[in-house]
Amino acid sequence: MSKCLVLFVEGDTEVEFYKQIIANARKLHPAGRFDTSIEYRNVRGVGGFKSIALRKFTKDIKTKYDSNCEFTIVLCSDTDVFDFAPKPPIKWDEVKKELKANGASKIIHVQAKRSIEDWFLYDLEGILKFLRLGKNTKVSGKNGYDKLQRLYKQANKVYFKGIKSNGMMTHLNIEKIAYAVEDQLNPLYKELGVYKTK
């Protein structure tokens, strides 16, 4: 039976980031490789988990693989929209139920505490270097996204959530970030047969 891991993420930035995370996990894997096909799909914001993910899974991914492929789906989301919303914008149980009804054998949820930008900031050094800002640049803002926007502004650039990061990803120390957020990444690592590095 062939295996396929499908990562549904909120934006292009996340596609870039998770590709790096998987590459880093591959280095940690005892065999140095995975016996799994890996697919990345952008659902364009948290609402897309409700509508786009299922469509992409049934029309785009399942049709690509043979019928005896075992699909594990990874929903990669931020938690910030849920922290402030009076009623959560998504009922994850319903999303998972529909994906399972349509052939997913396992579903994993990887949630970035607050936002993916908070994860990026674990490698502030890499971000400052990329933006050519001094090491002692003050970081302020009410959350990771706000902080990153302000740093970009200081470098006369604009940070757009979910849009390709124009090279920032290649400057980030993915190992350092993965290590810092290991507890949040753990479900994905476990699925890939990679165990904690701490």
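S.K.: What's the story with the pairing of strand β1 (residues 3–9) in this structure? I'm lost.
M.R.: By the criterion of burial, β1 is predominantly enclosed, with six of the seven residues buried. Pairing of β1 with strand β3 (residues 70–78), which is carried by six bridges, proceeds in the parallel orientation. Within β3, the residue paired with C4 across the bridge is F71. Across six bridges, the pairing between β1 and strand β2 (residues 37–42) is parallel. Its bridge partner lying in β2, F8 is registered against R41. In the classification by handedness, the crossover that spans β1, the intervening helix α1 (residues 12–28) and the parallel β2 is right-handed.

S.K.: Just to check I follow, could you spell out the pattern of salt bridges for this structure?
M.R.: Once their charged atoms are close, side chains differing in charge can pair, the charge on each being opposite to the other. Scanning the model with the defined rule gives ten salt bridges in all. Here the salt bridges do not stand alone but share partners, grouping E39, R41, D60 and K64 into one network.

S.K.: Is there a simple way to explain the packing of aromatic side chains in this structure?
M.R.: What describes a pair of aromatic rings is the distance from one ring centre to the other and the angle between the planes of the rings. Tallied over the entire structure, the rule returns ten aromatic pairs. An angle of 65° between the planes, with centres 5.2 Å apart, marks the rings of F17 and F120 as edge-to-face. A residue pair is termed long-range when its members are at least 10 positions apart, and F17 in helix α1 and F120 in helix α5 (residues 116–120) qualify at 103 residues. Note on F17: relative accessible area 0%, which makes it buried. Among the residues examined, F120 registers a relative accessible area of 0% and is labelled buried. Ring geometry for F49 against W92: centres 5.1 Å apart, planes inclined by 65°, an arrangement best described as edge-to-face. Remark: W92 occurs in helix α4 (residues 92–101) and F49 occurs in helix α2 (residues 48–61); sequence separation between them is 43 residues. This pair shows no difference in class: F49 is buried, exactly as W92 is. Just above the ring of F130 sits the side chain of K157; from NZ or CZ to the centre is 5.4 Å.

S.K.: Looking at this structure, how should I read the environment of A178?
M.R.: On the secondary structure map, A178 appears in helix α9 (residues 174–180). Through-space distance from the C-alpha of A178 to that of V9 is 17 Å; in sequence the pair is 169 residues apart. Not counting residues within four places of it along the chain, the set of residues in contact with A178 comprises I21, N24, L185 and Y189.

S.K.: What am I meant to see in the side chain of N42 here?
M.R.: Counting through the fold element by element, N42 comes out in strand β2. Judged by relative accessible area, which is 13%, N42 ranks as buried. For N42, the side chain forms a polar contact with the main-chain nitrogen of R44, separated by 2.6 Å.

S.K.: Sorry if this is basic, but what is going on with unusual backbone geometry here?
M.R.: A positive phi angle, close to 55°, is found at R132, a residue other than glycine. Note on placement: R132 falls in the loop between α6 (124–130) and α7 (144–154). The backbone of N156 shows a phi angle near 55°, a positive value even though the residue is not glycine.

S.K.: What am I meant to see in the nonpolar core here?
M.R.: Nonpolar side chains in soluble globular proteins tend to end up buried together. Counting 43 residues, the largest nonpolar core has Y18 and L188 as its most contacted members. The dominant element in this core, judged by the number of residues it contributes, is α1, at six residues. Filtering out sequence-adjacent residues up to four positions away, L188 remains in contact with L5, L7, Y18, I21, I22, V74, I108 and V110. Among the nonpolar cores identified, the runner-up in size contains 22 residues, and C4, V43, I52 and C69 belong to it.

Thresholds applied
- Residues numbered from 1 in each chain as written.
- Predicted model: local features only at pLDDT ≥ 70, side-chain atom pairs only at ≥ 80, totals over all residues.
- Heavy atoms only, no water.
- Buried < 20%, exposed > 50% of the residue type's maximum accessible area, 1.4 Å probe, protein only.
- Helix = DSSP H or I, 4+ residues; strand = E, 2+ residues; numbered from the N terminus.
- Pairing = 2+ DSSP bridges.
- Right-handed = clockwise from strand over helix to strand, strands pointing away.
- Salt bridge = Lys/Arg side-chain N within 4 Å of Asp/Glu carboxyl O.
- Phe/Tyr/Trp six-rings, centres within 6.5 Å; stacked < 30°, edge-to-face > 60°.
- Lys NZ or Arg CZ within 6 Å of the ring centre and 35° of its normal.
- Contact = heavy atoms within 4.5 Å.
- Polar contact = N/O pair within 3.5 Å; in protein donor to acceptor, adjacent residues only side chain to side chain.
- Core = buried A, V, L, I, M, F, W, Y, C linked by side-chain atoms within 4.5 Å.

Read these as spatial facts, not as claims about activity.
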